[in-house]
Amino acid sequence: MENAHKKTRGGFGNLLAETGRIAAGSLDNSGKLQSICDLLRKSVPHYDWVGFYVADAATKTLRLGPFSGAPTEHTRIAFGQGICGQAAEKKETFLVRDVSKESNYLSCSIHVKSEIVVPVMRDGEVVAELDVDSHTPDAFSEEDRAFLEQVAGIVSSLF
Ligand code: SME
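All values derive from a computational prediction rather than experimental measurement.

(A) Structural detail: the nonpolar core. Judged by nonpolar contacts, the single largest core of 30 residues is most densely connected at Leu 40, Tyr 47, Phe 147, Leu 148 and Val 155. If you list the elements that add at least two residues to this core, you get helix H1 (12-23), helix H2 (29-43), strand E1 (49-56), strand E5 (114-122), strand E6 (125-134) and helix H4 (142-155). Contacts of Leu 40, omitting those with residues within four sequence positions, involve Thr 19, Tyr 47, Val 50, Phe 147 and Leu 148. If you look at the next biggest cluster of nonpolar residues, it comprises 18 residues, including Leu 62, Val 99, Val 112 and Val 126.

(B) Structural context of empty space enclosed by the protein. Scanning the entire structure with this criterion turns up 1 cavity of 30 Å³ or more. By volume, the largest cavity amounts to about 90 Å³. Taken together, Tyr 53, His 74, Ile 77, Gly 82, Ile 83, Cys 84, Tyr 105, Leu 106, Cys 108, Glu 115, Asp 131 and Asp 133 form the lining of the largest cavity. Mapped onto the lining of the largest cavity, the elements with two or more residues apiece are helix H3 (82-90) and E6. A total of 3 residues in the lining of the largest cavity trace back to one element, the largest contributor, which is H3. When grouped by side-chain class, the residues that make up the lining of the largest cavity number 7 nonpolar, 2 polar and 3 charged.

(C) Highlighting unusual backbone geometry. The backbone of Lys 60 sits at a positive phi, close to 50°, despite the residue not being glycine. Within the fold, Lys 60 resides in the loop between E1 and strand E2 (61-68). With phi around 50°, Asp 123 is a residue other than glycine that occupies positive phi space. Here Asp 123 lies in the loop between E5 and E6.

The rules behind these values
Residues numbered from 1 in each chain as written. Predicted model: local features only at pLDDT ≥ 70, side-chain atom pairs only at ≥ 80, totals over all residues. Heavy atoms only, no water. Core = buried A, V, L, I, M, F, W, Y, C linked by side-chain atoms within 4.5 Å. Buried < 20%, exposed > 50% of the residue type's maximum accessible area, 1.4 Å probe, protein only. Helix = DSSP H or I, 4+ residues; strand = E, 2+ residues; numbered from the N terminus. Contact = heavy atoms within 4.5 Å. 1 Å grid on protein atoms, 1.4 Å probe; cavity = no way out; pocket = protein on both sides within 12 Å on 5 of 7 lines; lining within 4 Å. Points joined across faces, edges and corners; volume = space filled by probe spheres on them. Nonpolar A, V, L, I, M, F, W, Y, C, P; charged D, E, K, R; others polar.

Put into structure tokens, the structure is as follows:
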């Protein structure tokens, strides 16, 4: 939905500040990542699933890390496979407005209509990914992209 992001307009700055506080806090890294997933999912109405995949450069696979939302069968994804795998291979954000139009796509649930996957980079390599699914068609705007890329920058040191 074109206007879905408007509900959180103005709120992304606060969420970035809170994400920064969690990242600098006293939890262990997995607790920090879990808290950030929970924060994002509960705060942004069109974020229905928020999770991290951890990259293993040696085996070129992604392993599911902390997430908030329904469990997924896709706990290991090879680079190149699905939206997540393509984002890892290309080292760039993939914003998918309509998942039903994607041929290289791994479905987690029939309810998911759009998705954004943001690589978490360190020293030029993909160390993880931030994946957000929405039950709303065309839910993600350029504001979501900018926000989530900033979140990825904040969490980069946690991997
Ligand atoms: N849809 C993703 C798989 C991960 S789930 O969304 C949690 C993909 O195509 O890579």
